[in-house]
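One-letter residues, chain by chain:
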Amino acid sequence: MDQLVKEALEGEFRVNMHDADSIRRGLISYMVRVVGHDPRSAGTRQWFMALAHMIKGILSERGMGTSRAQYGQDTRRIYYLSMEFLTGRRLMKHLVDFGLTDTVREALESLGQDLDTVAEEEPDPALGNGGLGRLAACFLDSMATHQYPGHGYGIRYEFGMFSQTIEDGQQVEHPDNWLRRGNPWEFVRHSVAYPVRFHGRIVCFRDEQGRERCEWVDTQDINAVASDLKITGYDSPIISNLRLWTARATNDFDLRFFNEGNYIEAVKDKTTSETLSKVLYPMDSTVLGQELRLKQEYFFVSASLQDIIARYLRVHSDMSTLHKKIAIQLNDTHPALAVPEMMRLLVDVHGLDWDKAWHVTRETFCYTNHTLLPEALETWPIGMLEHVLPRHLEIIYLINHDHLQQVRFRFPGEMDVLRRMSLVDEETQRIRMAHLAIVGSKRVNGVAALHTRLLREKVFPEFDEMYPGKFVNVTNGVTQRRWLLQCNPELGALISQAIGEAWKTDLMALRDLEPMAEDAAFRERFNAIKLANKERLGAHIAGQTGLVVDPASMFDVQVKRIHEYKRQLLNVLHVVHRYVLLREGRVTAPVPRTVIIGGKAAPGYYLAKQIIRLINDVALTINNDRSVSDLLKVVFLPNYNVSSAEITIPGANLSEQISTAGTEASGTGNMKFALNGALTIGTLDGANIEIKEEVGDDNIFIFGLTTEQVMETKRRGYNPWRVIEGNPDLKRVVDMITSGFFNPQQVNRYHAIGETLFERGDQYMVLADFAAYVEAQNRVDELFQDPDAWARKAILNVARMGTFSSDRSIHTYARDIWGVEPMDLTATL
Ligand code: 26W
């Protein structure tokens, strides 16, 4: 090593990334010069830092090229505004994208380091809750890979999604201090900072031309400072940017305190303003209506729009043609304040007249809706808006005034329609953000065919009527680079061997795999890979929980946020039912199963937390009952996140997608599992429907009520008591849970679960779907007993997942929503 270090430090800083020896010297040099550590005593953490900084250098070099080429071509840019991005770890992603995995592995080996161990040093940036945040990350990947000029804007939360442990069977939340040891990937742009204003008052006056102008004065300001993360695409010359904002106090002290000589008070006031980017709200299905959240939303919207406009003005001067050069996608309503903010900037700051500004605004924004749950639709109290963003409230009123005039024209005399379509909910005195986003956007999209249909028919029917063609569908997708190539490299290699590499950027190519389902040798290799992935998952489970599971058993997996509508409870009911049958010897040919459930509950969501506790109580009883020990195991996998998904999904045989029909907008886990060769048991909900259409009815286990049947059942008066009286097995299971069979030390522990099922009417139809679910699970068992038949179907699932690539989603957005073409920079760079 002494000699190595000497040589490396004598050499040049420049590294040839295609030569392991050069990389090795580069690593030593980065270790000394950037990390500041002696290579002779460096540990994995330091090697991770050295490697990350080295890769960061390449990102920067290539990023500059992209940037120059984009300005050169003056292409229309896409800005993706999202409060959440779940990018996953960066290191392996960049190596895969650059095709450097093998050489870097070799270089590290020569230094006595293992790449996979080094990669584990990286914290997983959990800047999102779940589906919506991960979708944003897949989209950035697809845009970079296919050379679309797309950039992301979000918040650099100091604390991301909490990390979850299970103590005494219950979820405990711990702060996710992911920046604790620094973040080697970010470029902090201290000079890119914008003031974001709050509170204050409005002064209106007539300008020299006699036009009424308004000014927002006496505001309290916070600076937004940019940090950039570079986004690489697979084998792509494009490097995109994800710009995340941090809140920083402005320099001016509060004079009031200052003049009184109260220096400490003045500084304290400044530090509280920095709480804006402190923490991600860990809720993905209910809105709290807290002022801090509103301020977070405006903070990132305002900074992003100022930045977007500043970029535009670097090469253009006419604000009235802004929409020709940019498109802004609103990821749900969280950034919907961008609509009035854009109006404020165009009218108050850039002096456009109202109508012109409104035209530009509506041609610029597009809005994606991700949820049908009424409790997840954002509304803000008028009083709060008036206090925090007085000018924006005025602008919203002006927008609403014009909007309602058109509604009156379109639906004359229909007061009910008027009331429903107003941006203001008069009853609750709140502003409806989805309405604002719809009115302010050129296109509105749902995320799966069923979801878009329900949006158009049930949630916003009058809007759909008033704006024909505004509502469009773009079914979600996932990136095969992370969710196959990277997380399941063995299967990726097997596929490439069989059909070539095209699938990596054109997932439809997987179709060529179909004949392989009939190839016995291929099936054998496919099964061997699945088994190896199950062993890896088994080791992960053992590491996380201490439980030993049998990789030969069926791995039945449900990982996602815990929510009543996703029906983890239905899964538990089936597990308990199975347990009862096994104990009573009522199963003739039992199929060994390991049921794996993972996911986080929002900290204030009592019932979701009870469900976690119930899973753990049930697991404890079953796992300690030797009479079923070879046949049934239950695992609650703690702290489900992107990194653990990368281990969990490739190891699944069965994918649980069992939400009540009409509640899950799309789901994206469903796609990841099928792509990795799991079979789906699922309802006709979200994208499951499209998955079924692609893979064929014989290759998926569909059960339960359809959306229409759910609605019809409710309309006729659904009675959970009646269901349970007609099904003694179900009654037995529910009795066991609610009477304390699994928790004799506190028998009324699951009182609330009984309450939601009966007193509150089983809103999500868990009981109604139980019998059909059990019947579908029996079909699953039967098929699993024939490994060859199972493998055939699993291979066909993989082969038919082509359409569920986020590349397809992005091409659709580009064509139908943004109207942009991919750039071709391959020649330029
Ligand atoms: C303000 C609280 C809040 C925060 C986040 C409400 C709602 C959300 C998101 C919209 C929740 C979410 O992640 N939705 C999921 O989006 C995925 C990507 O489109 C879909 O696949 C899931 O079905 C949907 O639940």
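The shown structure was predicted, so the numbers you read here are calculated from the model rather than taken from an experiment.

### Structural notes on the overall build of the protein chain
In step 1: For the protein chain, the count of helices and strands is 34 helices and 22 strands.
In step 2: Computed over its C-alpha atoms, the radius of gyration of the protein chain comes to 28 Å, within 12% of the 28 Å expected for a compact globule of 829 residues.
In step 3: Within the protein chain, buried positions represent 62% of all 829 residues.
In step 4: When contacts within the protein chain are restricted to residue pairs at least 6 apart in sequence, those whose partners lie at least 24 apart make up 76%.
In step 5: Of the roughly 31,700 Å² that the protein chain leaves accessible, carbon and sulfur atoms contribute 50%.

### Considering the pattern of salt bridges
Side chains carrying opposite charge are able to pair once their charged atoms draw close together.
In step 1: With the rule as written, the count across this model stands at 60 salt bridges.
In step 2: Arg 40 is paired through a salt bridge with Asp 2; the nearest N and O atoms lie 2.6 Å apart. With a gap of 38 residues between them, Arg 40 in the loop between helix H2 (20-35) and helix H3 (44-73) and Asp 2 in helix H1 (residues 2-10) connect regions that are remote in the sequence.
In step 3: Its relative accessible area of 52% is what places Asp 2 among the exposed residues.
In step 4: For Glu 173, the salt bridge is made with Lys 609, and the minimal N-O distance between the two is 2.8 Å. Taken together, the positions of Glu 173 in strand S4 (residues 170-174) and Lys 609 in helix H24 (residues 606-623) put the pair 436 residues apart, joining distant regions of the chain.
In step 5: Look at Glu 173 and you get partly exposed, because its relative accessible area is 28%.
In step 6: Lys 609 sits in the partly exposed class, given a relative accessible area of 22%.
In step 7: It is possible to trace a salt-bridge network through shared partners that takes in Lys 93, Asp 97, Asp 141, Arg 481 and Asp 807.

### A word on the site of the ligand
In step 1: Around the ligand, a shell composed of 19 residues is seen, among which His 370, Asn 476, Glu 664, Ser 666 and Gly 667 lie nearest.
In step 2: Between the ligand and the protein, one listed contact pairs an oxygen atom with a backbone N or O atom of Leu 132 at 3.0 Å.
In step 3: With respect to the ligand, the backbone of Ala 665 contributes an N or O atom lying 3.3 Å from an oxygen atom.
In step 4: When the ligand is considered free in solution it has 570 Å² of accessible area, and contact with the protein chains removes 95% of it.
In step 5: Broken down by element, the residue count for the shell around the ligand peaks at 3 residues, all from helix H7 (residues 131-145).

### Brief notes about H2
In step 1: Among the residues of H2, Ala 20, Ser 22, Ile 23, Arg 24, Gly 26, Leu 27, Ile 28, Ser 29, Tyr 30 and Met 31 are the ones counted as buried.
In step 2: Gly 36 sits one or two residues past H2 and shows a positive phi near 80 degrees.

### Digging into the nonpolar core
In step 1: In terms of nonpolar packing, the biggest core is built from 274 residues, with Ile 55, Trp 245, Phe 299, Ile 328, Ile 399 and Trp 818 touching the most fellow members.
In step 2: Of all the elements, H3 adds the most residues to this core, at 11 residues.
In step 3: Residues within four places of Ile 399 in sequence aside, it is in contact with Val 339, Met 343, Trp 354, Trp 358, Leu 423, Leu 436 and Val 439.

### Re the layout of surface pockets
In step 1: The space that makes up the largest pocket amounts to roughly 1,500 Å³.
In step 2: Around the largest pocket sit 49 residues that line it, and Arg 89, Ala 119, Glu 120, Ser 643 and Glu 646 are the ones nearest its centre.
In step 3: Secondary structure elements with two or more residues in the lining of the largest pocket: helix H4 (91-98), helix H5 (101-110), helix H6 (115-119), helix H20 (480-486), helix H21 (489-499), helix H22 (520-545) and helix H25 (642-648).

### Points about the side chain of Arg 749
In step 1: With respect to the helices and strands, the residue Arg 749 is situated in the loop between helix H30 (728-739) and helix H31 (751-759).
In step 2: On the basis of relative accessible area, Arg 749 is assigned to the buried category, the value being 10%.
In step 3: Within the structure, Arg 749 has its side chain in polar contact with the side chain of Gln 746 (distance 2.5 Å).
In step 4: In this view, Arg 749 contacts Gln 610, Arg 613, Asp 617 and Asn 743; residues no more than four positions away in its chain are not counted.

### A few points about the UniProt feature "modified residue: N6-(pyridoxal phosphate)lysine" (unreviewed entry) in the protein chain
In step 1: As recorded in UniProt, the feature "modified residue: N6-(pyridoxal phosphate)lysine" (unreviewed entry) lies at Lys 672.
In step 2: Its relative accessible area of 7% is what places Lys 672 among the buried residues.
In step 3: Residues within four places of Lys 672 in sequence aside, it is in contact with Arg 134, Val 478, Trp 483 and Ile 649.

### Comments concerning the sheet that holds strand S14 (residues 430-432)
In step 1: Read from one edge to the other, the open sheet built from 3 strands follows the order S12-S14-S13, with strand pairing classed as antiparallel. Two strands close off the open sheet at either side, each with one partner strand: strand S12 (379-381) and strand S13 (424-425).
In step 2: Direction of pairing for S13 relative to S14: antiparallel, over a ladder of 2 bridges. Bridging across to S14, Asp 425 finds its partner in Arg 430.

### Here's the deal with empty space enclosed by the protein
In step 1: By the definition in use, this model includes 8 cavities of 30 Å³ or more.
In step 2: Of the volumes computed, that of the second largest cavity is approximately 120 Å³.
In step 3: For the lining of the second largest cavity, the element with the highest residue contribution is helix H10 (residues 291-315), accounting for 3 residues.
In step 4: Among the residues making up the lining of the second largest cavity, the classes are represented as 5 nonpolar, 3 polar and 4 charged.

### Focus on the state of the cysteines
In step 1: This structure, assessed with the given rule, holds 1 disulfide.
In step 2: At a sulfur-sulfur separation of 2.1 Å, the disulfide partner of Cys 204 is Cys 214. Residues Cys 204 and Cys 214 share a disulfide whose torsion about the S-S bond is about 100 degrees; that sign makes it right-handed. One end of the pair, Cys 204, is in strand S6 (residues 201-206); the other, Cys 214, is in strand S7 (residues 212-217), with 10 residues separating them in the sequence.
In step 3: Accessibility expressed as a relative area gives 38% for Cys 204, which makes it partly exposed.
In step 4: Here Cys 138 stays unpaired: no disulfide links it, and the sulfur of Cys 487, its closest cysteine neighbor, is 11 Å away.

### Quick notes on the confidence of the model for the protein chain
In step 1: Scored by pLDDT, the protein chain has a mean of 95; 98% of the residues are at 70 or more.
In step 2: Mean pLDDT per element in the protein chain: helix H8 (residues 255-259) is the minimum at 66, and strand S20 (residues 654-657) is the maximum at 99.

### Points about the packing of H4 against H5
In step 1: The interhelical angle for the contact between H4 and H5, taken along N-to-C directions, is 120 degrees, at an axis separation of 8 Å. In terms of their interaxial angle, H4 and H5 are classed as oblique. Together, Met 92, Leu 95 and Val 96 of H4 and Thr 101, Val 104 and Arg 105 of H5 make up the contact between the two elements.

### Side note on the sheet that holds strand S5 (residues 187-198)
In step 1: Pairing is mixed in the open sheet, where 9 strands are placed in the order S5-S8-S9-S2-S1-S10-S11-S15-S16. A single partner strand is all that each edge strand has here, and the edge strands are S5 and strand S16 (471-473). Neighbouring strand axes in the sheet, compared pairwise and without regard to direction, differ in orientation by 25 degrees on average.
In step 2: Pairing between strand S2 (residues 150-155) and strand S9 (residues 239-249): 4 bridges, direction parallel. By the bridge assignment for S9, Gly 154 is matched with Leu 244.
In step 3: This element, H7, spans strand S1 (77-81), S2, strand S8 (220-232), S9 and strand S10 (326-331) of the sheet and lies at about 55 degrees to S8.
In step 4: Here helix H13 (residues 354-364) sits on the sheet in contact with S10 and strand S11 (365-368), set at roughly 45 degrees to S11.

### So, the environment of Lys 458
In step 1: Residue position: Lys 458 is located in helix H18 (residues 449-459).
In step 2: When the C-alpha positions of Lys 458 and Asn 527 are compared, they lie 44 Å apart, and in sequence the two are 69 residues distant.
In step 3: The residues contacting Lys 458, other than those within four sequence positions of it, are Arg 453 and Met 711.

Criteria and thresholds
Residues numbered from 1 in each chain as written. Predicted model: local features only at pLDDT ≥ 70, side-chain atom pairs only at ≥ 80, totals over all residues. Heavy atoms only, no water. Helix = DSSP H or I, 4+ residues; strand = E, 2+ residues; numbered from the N terminus. Rg over C-alpha atoms; globule rule 2.2 N^0.38 Å. Buried < 20%, exposed > 50% of the residue type's maximum accessible area, 1.4 Å probe, protein only. Contact = heavy atoms within 4.5 Å. Areas by Shrake-Rupley, 256 points an atom, 1.4 Å probe, with all protein chains shown as cover. Salt bridge = Lys/Arg side-chain N within 4 Å of Asp/Glu carboxyl O. Near = heavy atom within 4 Å. Polar contact = N/O pair within 3.5 Å; in protein donor to acceptor, adjacent residues only side chain to side chain. Core = buried A, V, L, I, M, F, W, Y, C linked by side-chain atoms within 4.5 Å. 1 Å grid on protein atoms, 1.4 Å probe; cavity = no way out; pocket = protein on both sides within 12 Å on 5 of 7 lines; lining within 4 Å. Points joined across faces, edges and corners; volume = space filled by probe spheres on them. UniProt positions renumbered as here; feature names shortened; annotations may be inferred. Pairing = 2+ DSSP bridges. Nonpolar A, V, L, I, M, F, W, Y, C, P; charged D, E, K, R; others polar. Disulfide = S-S within 2.5 Å. pLDDT = per-residue confidence, 0-100. Axes fitted to C-alpha atoms, helices over the stretch in contact; angles between N-to-C directions. Parallel < 35°, antiparallel > 145°, perpendicular 65-115°, else oblique.

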